[in-house]
Amino acid sequence: MKVLVVGNGGREHALAWKLLQSQQIEQVVCVPGNGGTASMEHCQNLPLAVDDFEGISKFALKNEINLVVVGPEVPLAKGITDYLQSQGLQVFGPGRAGAQIEASKAWAKALMQEARIPTAKAAVFTEAAAAKSYVKAQGAPIVVKADGLAAGKGVTVAETVAQAEDAIAAIFQGQFGSAGEFVVIEECLIGQEVSVLALTDGLTIRPLLPAQDHKRIGEGDTGENTGGMGAYAPAPIATPELMARVQTEVLEKAIATLRSKNIDYRGVLYAGLMIAPDGEFKVLEFNCRFGDPETQVILPLLETPLEDLLLACVQQRLSELPPIAWKPGAAATVVAAAGGYPGGYEKGKVITGTEQATALGVTVFHAGTKLNQQQQVVTDGGRVLNVTGIGENFEQAIAHAYTGIKPIDFEGIYYRKDIGHRVVSGKQGEQTP
Ligand code: AMP
Ligand code: GLY
């Protein structure tokens, strides 16, 4: 089998890596990929943009690609699946209609309300004055969200009414372009967040191991929000009892409601949950794709061949598969970031030590890296590498990841030293806000 993976992050490196562990996979092509996917055996990069649907389609047809797996939300929201399917390709990932579940927070909220999925109370506005008077009436803390895709930057958890008003003004002034035509204002929830990624063929839906990520840049979960500085799985806060409730109260309801709208959703449905101190949970958001960096801790624990699961989703026969099998133990990943991230940072720094790290048994997933003209791996983004360790328990997995990251170096390297501190200390997970 030949698989084409769309995207260039740590998530896509992890997908390609997992696929290539199977004897059934002859080759993986990453579009555009990164320095890690360029260096893997049986893997090659194709330098096309993720929204060059025609270019991707031509290549895939000419090279007899059996399956296309789409990593990021942007091409899904733009309809990559609809286009490639119309050309006769098999694609893992929802079509444009289904991707609205991530691409429009107002649409997702309406779906949750219709399906009676537990979620924060919310109101949608199309102009600033009405939004601001609603915020004044509700009081703070309160959450202000740009409706559309904003690369993870469209949400403000406002501690004061003034902060919420500023966020509303920024959105309607066009800070997020067309993503800011609507604003969703939501009740502020407290508790711990957990990511439940589930695979679906549109009829059956099966969760993967629950994961938690550390979103803040600083130790002790402080400072600015980032795309994620580390993650671990399986998140102990998501007990089997909780997962059983998520299955019936969230996942199955979401799929049934999508189906009632004639949306044939095949891919990942990712539910971002907030678990309150009393154990009740609400859905904060849905994503239409694998999480990053959650994927980098979930896939190393997956025993079932990934391509069997992905193809079963695409061919709508997930119910025929045996239960998803997992390796025992735990996984943790630590993100090595460029100095200055999530603010300004430099690129092009030579990365050393990844081979020593791999020799220590960790898996190094590349995110913002590329090969320069001298074929050296250099930094090319804010989050540069994910170092994943596995072990019998969290202590071992975390210690493994930190042993593995030590030999790695590039100018300005920064990583948090406390990934997983709450699972180890028994407090579990990151408290929000
Ligand atoms: P979203 O993209 O909607 O998940 O929002 C991004 C992040 O904002 C979430 O992961 C939470 O940390 C935070 N957030 C979103 N909605 C809420 C809410 N209603 N209450 C508290 N925090 C929230
Ligand atoms: N780790 C958060 C996300 O993938 O959206």
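Here the structure is a predicted model, which means the values were calculated and not measured.

1. Things to note about the site of ligand 2
Step number 1: The local shell around ligand 2 consists of Asp213, Tyr270, Asn287, Arg289, Gly291, Asp292, Pro293 and Glu294.
Step number 2: Between ligand 2 and Arg289, the relevant distance is 2.8 Å, taken from an oxygen atom to a side-chain nitrogen or oxygen of the residue.
Step number 3: Contact distances for ligand 2 include 2.8 Å between a nitrogen atom and a side-chain N or O atom of Glu294.
Step number 4: Contact with the protein chains hides 85% of the accessible area of ligand 2, taken as 200 Å² for the molecule alone.

2. Quick word on the pattern of salt bridges
Step number 1: Across all of its chains, the model carries 18 salt bridges by this definition.
Step number 2: For the salt bridge of Lys78 with Asp51, the shortest nitrogen-to-oxygen distance reads 2.7 Å. Here Asp51 lies in the loop between strand 3 (43-45) and helix 3 (53-62) and Lys78 lies in the loop between helix 4 (73-77) and helix 5 (80-86), a separation of 27 residues in the sequence.
Step number 3: Accessibility expressed as a relative area gives 43% for Lys78, which makes it partly exposed.
Step number 4: Take Asp51: its relative accessible area is 37%, and that puts it in the partly exposed class.
Step number 5: A single network of salt bridges, built from pairs that share partners, joins Glu73, Glu102 and Arg289.

3. Side note on the packing of helix 6 (residues 96-103) against helix 7 (residues 105-115)
Step number 1: Where helix 6 meets helix 7, the closest approach of the two axes is 6 Å, and the angle between their N-to-C directions is 95°. Here helix 6 lies roughly perpendicular to helix 7, going by the angle between them. On helix 7, the residues that touch Ala97, Gln100, Ile101 and Ala103 of helix 6 are Lys105, Trp107, Ala108 and Leu111.
Step number 2: Residue composition of the contact of helix 6 with helix 7, grouped by class: six nonpolar, one polar and one charged.

4. Things to note about the side chain of Glu307
Step number 1: Mapped onto the elements, Glu307 comes out in helix 12 (residues 306-314).
Step number 2: Despite its burial, Glu307 pairs with no opposite charge; the closest candidate is Lys18, at 8.4 Å N-O.
Step number 3: There is a polar contact of 2.4 Å between the side chain of Glu307 and the side chain of Ser22.
Step number 4: When sequence neighbours within four positions are dropped, the list of residues in contact with Glu307 reads Met1, Leu19, Ser22, Gln24 and Ile25.

5. Observations regarding the sheet that holds strand 1 (residues 2-7)
Sheets are built from strands that pair by backbone hydrogen bonding, the pairs being arranged parallel or antiparallel.
Step number 1: As summarised here, the arrangement of the five strands in space is 3-2-1-4-5, forming an open sheet in which the pairing is parallel. Lying at the two open borders of the sheet, with one neighbouring strand each, are strand 3 and strand 5 (91-92).
Step number 2: Sheet topology places strand 1 next to strand 4 (residues 67-70); four bridges connect them, and they run parallel. From the neighbouring strand, Val5 faces strand 4, where its bridge partner is Val69.
Step number 3: Sheet strands in contact with helix 3 are strand 1, strand 2 (27-32) and strand 3, and its direction is about 165° off that of strand 1.

Rules used in this analysis
Residues numbered from 1 in each chain as written. Chains lettered and ligands numbered in written order. Predicted model: local features only at pLDDT ≥ 70, side-chain atom pairs only at ≥ 80, totals over all residues. Heavy atoms only, no water. Near = heavy atom within 4 Å. Polar contact = N/O pair within 3.5 Å; in protein donor to acceptor, adjacent residues only side chain to side chain. Areas by Shrake-Rupley, 256 points an atom, 1.4 Å probe, with all protein chains shown as cover. Salt bridge = Lys/Arg side-chain N within 4 Å of Asp/Glu carboxyl O. Helix = DSSP H or I, 4+ residues; strand = E, 2+ residues; numbered from the N terminus. Buried < 20%, exposed > 50% of the residue type's maximum accessible area, 1.4 Å probe, protein only. Axes fitted to C-alpha atoms, helices over the stretch in contact; angles between N-to-C directions. Parallel < 35°, antiparallel > 145°, perpendicular 65-115°, else oblique. Contact = heavy atoms within 4.5 Å. Nonpolar A, V, L, I, M, F, W, Y, C, P; charged D, E, K, R; others polar. Lys, Arg positive; Asp, Glu negative; His and termini not counted. Pairing = 2+ DSSP bridges.

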